[in-house]
Amino acid sequence: MFKRILIANRGEIALRVMRTAHEMGIETVAVYSDFDARALHARLATFAVPLGGTLPRDSYLSIERLLAAAKRSGAEAIHPGYGFLSENEAFAQAVVDGGLAWIGPPPAAILAMGDKIESRRAMKAASVPVVPGLIDPVADPAAALAAARTIGYPVALKASAGGGGKGIRVVRDPSGMEGAFRTASGEAQAAFGDGRLYLERYLERPRHVEIQVLLDARGNGVHLGERDCSVQRRHQKIVEESPSPVVDAELRERMGAIALQAARAVGYVNAGTVEFLYTAASGSPEVFFLEMNTRLQVEHPITEVLTGIDLVREQIRIAAGEALSFGQADVTWRGHAIEVRINAEDPTNGFLPATGTIHNLRLPGGPWVRIDSGLYRGMEVGLSYDPLLAKLIVWGPDRPAAIARMRRALKELNIGGVRTSAPAALAVLEDARFQQGDFDTHLLETIDFKVRVGDQVQAAAVAAALHRWHEARRRALAGAGGDRNAWLERGRAEALRPASTKGGR
Amino acid sequence: MKYFVTVNGEEHEVELTERLGQLDVFYDGKRLEARYEEVDRLGQVGLFLGERTYAVSIEGDSNRSLVTVAGHLYDVEIEDEREYAAHQAERERGKRGGALKSVMPGVVIRLLVSEGEVVEKGQALLILEAMKMQNEIAAPSAGKVTKIHVSERQAVASGALLLTMA
């Protein structure tokens, strides 16, 4: 087993990986950008190596700097987390070439699944069901229009190099093609340096159901059941759960077998997730291969909570060449698990990114509540990194109990200083359709988070008025002190400024 | 002291009167048994209305605060009588047109309209990129674009003036 591993990531996922490593007696090496010098992941690791830079490309996306940090720290393996370079086969290859172990799938498997077009081709060849549509990318709106005529509307435009919801647009009729093509292609170009798009049939009332798989290097493979990620907005997930309200034991076995078949078709080893689109529009359930995520998923904790299997532990063991310690028959699912993503975004303002400094933090607790978080008081939330701040995961003996527990936990949670998606998640959990399990991936579009008013208006109004009254009284008691301090501060700053910058302004 | 408090668009009156060192609270004219305990100076507050307790948190300044009660966020605007009177005139002038400001920091990727163009409500005006996502900024109401204050590839701060509509 490894003595020391480097975690090429930040935030909650760096902490997540670290925690298991430490429990296994493995030392961890954190890396951090200048922006993250005070971050929790840098403080809680065994060692921390600065990468310099503030932008991702100079830090967490710099293969050169990460490899140098690994060499310098004596790490034997690298865990990439999710995002950043986790699905970059060049990085995986460079790690392997540098004599280190890569805690993830073989570079060839990342490559095969990384290009959505190539992966669809491979899956078709391996008899895995895929969504009807084009295999080859189209160059311009005119070609897209021609292709859409044969596939039939609505169609989805997707970036061939895409992921994370970027570069995806739905076109319902020919008039919308031009604009959608332009923005999707521009977004794909900006995000991935590749503006190519492909088209496929857009399924109505679909659900997003994915299967977790684990394969070792000795040919053993198991699936760990599904996660339902249908509560999403612009293909960004907000609430995830397992088991899925629409998947029964028979369908789970069928999807598990397809997922393992897909993974084996590309020589997959380590943890991975096969995403499916589920639809029952024709009366009987149909599932189509969507893509394979060749990394640990954000929402992996719900599988852990349900199965009792630590996925990061299995990832590290597999990367160290060990065999899976259990077989498919040993995998059991108990109760129900839900995860809510706490993103820095404003649900009352179209989920646009939010920034600020966390100055007030109250995290929930109690039985069967798990928090994977990189949050700390004083943390600055900027625009350079992923908006995911924390994940709240609960378990319950059944779905209603898990929903009640998550609502309870969300009511305890309090993050001040930056707007978060938490109130939106609470609104989802209070929605009758969610509670009945009767929803599809469009659920979020149908909830108006702007007009939504909780039932504690009186408390909010009284609290705000009392807050203002107390603030005013405090200012009155402090007299002119505040102003004088500001005047003193300005004087000091002026006196301390370098002579060369003085006066000119 | 009387405050006009707007919670998520709903207007209420909260009156606070100090009497013999004690604070009386009236909510829409109804007297409440209220106790307000500041937990820290960071916004955690214990609010007790009668025997009901509320673990509240508040952030913001004296005119606008964000209040979290039991997981829900309430966007609260507060005006005292003087501010209320001053703003009343403004309110009556109506809400049509005006300045369109950026609600987030980002980069203007593309301008989709030009000055003088008449647009419909909901029509895409420009594309703003933030956090690697391209967001179409739509017209809040129908009208005419009278002035564009930004150019393509320009970085804008949150609250920056993007364009003016009439």
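Since the structure is predicted, the reported quantities are computational estimates derived from the model, not experimental observations.

Participant: Looking at this structure, I do not really get the overall build of chain A. What am I missing?
Facilitator: Scanning chain A for helices and strands turns up 16 helices and 22 strands. By the compact-globule yardstick of 23 Å for 505 residues, chain A fits well, its C-alpha radius of gyration being 25 Å. With the principal axes as the frame, chain A shows a C-alpha extent of 75 × 55 × 50 Å. With 505 residues in all, chain A has 55% of them scored as buried.

Participant: What should I look at first to understand the interface of chain B and chain A in this one?
Facilitator: Size of an interface, as often reported, equals the accessible area lost when the parts are brought together. Contacts between the two partners involve 63 residues from chain B and, on the opposite side, 54 residues from chain A. Of the roughly 5300 Å² buried between chain B and chain A on both sides combined, carbon and sulfur atoms contribute 62%. Joining chain B to chain A, the criterion identifies four salt bridges. A salt bridge links A:Arg474 to B:Glu38, with the nearest nitrogen and oxygen atoms 3.0 Å apart. Here chain B is connected to chain A by 15 residue pairs in polar contact (both at pLDDT 80 or more).

Participant: Sorry, what's going on with the domain arrangement of chain B here?
Facilitator: Taken domain by domain, chain B consists of domain 1 (2–80) and domain 2 (97–165). Computed from C-alpha atoms alone, the centre-to-centre distance between domain 1 of chain B and domain 2 of chain B is 36 Å.

Participant: Can you help me understand the sheet that holds strand β11 (residues 236–242) of chain A in this one?
Facilitator: Each strand in a sheet pairs with its neighbour through backbone hydrogen bonds, running either in the same direction (parallel) or in the opposite one (antiparallel). Residues and elements named next belong to chain A. Taken in spatial order, the eight strands line up as β13-β12-β9-β10-β11-β14-β21-β19 in an open sheet, and their pairing is antiparallel. Strands with a single pairing partner mark the edges of an open sheet, and in this sheet they are β13 (286–293) and β19 (369–373). Direction aside, the axes of adjacent strands within the sheet are offset by 25° on average. For strand β10 (residues 221–233) and β11, the ladder comprises four bridges, and the chain directions are antiparallel. Bridge assignment links Val231 to a residue of β11, and that residue is Val239. Against the sheet, helix α1 (residues 11–23) engages β19 and β21 (388–396), with an angle of about 115° to β19. Helix α13 (residues 422–429) rests against β10, β11 and β14 (336–343) of the sheet, and its axis sits at about 150° to β14.

Participant: Is there a simple way to think about the nonpolar core in this case?
Facilitator: Nonpolar side chains in soluble globular proteins tend to be buried together. Core analysis: the largest hydrophobic core is formed by 75 residues, its most contacted members being A:Ile5, A:Leu214, A:Val239, A:Leu410, A:Val428 and A:Phe434. The dominant element in this core, judged by the number of residues it contributes, is α13(A), at seven residues. Apart from the residues lying within four places of it in its own chain, the contact partners of A:Leu214 are A:Asn220, A:Gly221, A:Val222, A:Leu224, A:Asn270, A:Ala271, A:Leu311, A:Glu314, A:Ile318, A:Leu324 and A:Phe326. Among the nonpolar cores identified, the runner-up in size contains 31 residues, and A:Ala464, B:Val14, B:Ile58 and B:Ile78 belong to it.

Participant: So what exactly am I meant to see when it comes to the sheet that holds strand β5 (residues 34–38) of chain B here?
Facilitator: Ordered by their spatial adjacency, nine strands build an open sheet running β4-β3-β2-β1-β9-β8-β7-β6-β5 (chain B), and the pairing between neighbours is antiparallel. If you trace the sheet from one side to the other, it starts and ends with β4 (30–32) and β5 of chain B, each paired once. On average, adjacent strands in this sheet sit at an angle of 30° to one another, irrespective of strand direction. Across the sheet, helix α15 (residues 457–478) of chain A lies against β1 (2–7), β2 (10–19), β3 (22–27), β4, β5, β6 (44–49), β7 (52–60), β8 (64–69) and β9 (72–80) of chain B, angled at about 45° from β2(B), the strand it touches most.

Participant: Before we go on, may I ask you to explain the environment of A:Gly179 in this structure?
Facilitator: Secondary-structure assignment places A:Gly179 in helix α8 (residues 177–192). Through-space distance from the C-alpha of A:Gly179 to that of A:Gly221 is 44 Å; in sequence the pair is 42 residues apart.

Participant: In this structure, what is going on with the pattern of salt bridges? I would like to understand it.
Facilitator: Side chains that differ in charge, positive against negative, can pair when their charged atoms come close. Scanning all chains against the criterion turns up 43 salt bridges over all chains. Of the charged contacts, one joins A:Asp228 and A:Arg207 as a salt bridge, the two residues approaching to 2.9 Å between their closest N and O atoms. With A:Asp228 in strand β10 and A:Arg207 in strand β9 (residues 207–215), the pair connects residues that are 21 residues apart, well separated along the chain. For A:Asp228, a relative accessible area of 2% gives the class buried. Among the residues examined, A:Arg207 registers a relative accessible area of 3% and is labelled buried. For the salt bridge of B:Arg19 with B:Asp24, the shortest nitrogen-to-oxygen distance reads 2.8 Å. For B:Asp24, a relative accessible area of 4% gives the class buried. Connected through salt bridges with shared partners, the residues A:Glu210, A:Arg227, A:Lys237, A:Glu240, A:Glu275, A:Glu299 and A:Arg341 form a single ionic network.

Participant: Would you mind going over the packing of helix α5 (residues 107–114) of chain A against helix α6 (residues 116–125) of chain A with me for this structure?
Facilitator: Helix packing geometry: the angle between the two helix axes and the distance between the axes. Residues and elements named next belong to chain A. The N-to-C vectors of α5 and α6 enclose an angle of 95°; their axes lie 5 Å apart at closest approach. Overall, the two elements α5 and α6 adopt an arrangement that is roughly perpendicular. The segment α5 lies against α6, with Ala112, Met113 and Gly114 engaging Lys116, Glu118, Ser119 and Met123. Of the residues contributing to the contact of α5 with α6, the split by class is three nonpolar, two polar and two charged.

Participant: Would you take a moment to explain the domain arrangement of chain A for this structure?
Facilitator: Residues and elements named next belong to chain A. Taken domain by domain, chain A holds domain 1 (4–103), domain 2 (132–201), domain 3 (205–323), domain 4 (335–447) and domain 5 (458–501). On the domain 3 side, the residues contacting the 18 residues of domain 1 number 18 residues. In total, domain 1 and domain 3 occlude about 1300 Å² of area from one another, counting both sides; carbon and sulfur atoms represent 63% of this. Here domain 1 is connected to domain 3 by three salt bridges. For the salt bridge of Glu304 with Arg16, the shortest nitrogen-to-oxygen distance reads 2.7 Å. Linking domain 1 with domain 3 are seven residue pairs in polar contact (both at pLDDT 80 or more). The set of elements that each furnish at least two residues to the side of domain 1 that touches domain 3 consists of α1 and β5 (101–102). Top contributing element to the side of domain 1 that touches domain 3 by residue count: α1, with six residues.

Participant: Quick question: what am I supposed to make of the pairing of β1(B) here?
Facilitator: For a regular strand, side chains alternate in direction, first toward one face of the sheet and then toward the other. Residues and elements named next belong to chain B. As defined by bridge partners, β1 adjoins β2 across six bridges and the pair is classed as antiparallel. Along β2, the bridge assignment pairs Val7 with Glu10. Hairpin connection between β1 and β2: a loop of two residues separates the two successive antiparallel strands, and Asn8 in this loop has a positive phi of roughly 45°.

Participant: Which parts of the structure should I look at to understand the confidence of the model for chain A?
Facilitator: Low pLDDT marks regions whose predicted coordinates should not be analysed in detail. The share of residues in chain A with pLDDT of 70 or more is 93%, and the mean pLDDT across the chain is 91. Low pLDDT, under 50, characterises residues 501–505 of chain A; the stretch is placed with four contacts to residues that sit more than four places away or in other chains.

Reading guide: rules and limits
- Residues numbered from 1 in each chain as written.
- Chains lettered and ligands numbered in written order.
- Predicted model: local features only at pLDDT ≥ 70, side-chain atom pairs only at ≥ 80, totals over all residues.
- Heavy atoms only, no water.
- Helix = DSSP H or I, 4+ residues; strand = E, 2+ residues; numbered from the N terminus.
- Rg over C-alpha atoms; globule rule 2.2 N^0.38 Å.
- Buried < 20%, exposed > 50% of the residue type's maximum accessible area, 1.4 Å probe, protein only.
- Contact = heavy atoms within 4.5 Å.
- Buried area = accessible area lost by both parts, 1.4 Å probe.
- Salt bridge = Lys/Arg side-chain N within 4 Å of Asp/Glu carboxyl O.
- Polar contact = N/O pair within 3.5 Å; in protein donor to acceptor, adjacent residues only side chain to side chain.
- Domains from an automatic or database assignment.
- Pairing = 2+ DSSP bridges.
- Axes fitted to C-alpha atoms, helices over the stretch in contact; angles between N-to-C directions.
- Core = buried A, V, L, I, M, F, W, Y, C linked by side-chain atoms within 4.5 Å.
- Parallel < 35°, antiparallel > 145°, perpendicular 65-115°, else oblique.
- Nonpolar A, V, L, I, M, F, W, Y, C, P; charged D, E, K, R; others polar.
- pLDDT = per-residue confidence, 0-100.

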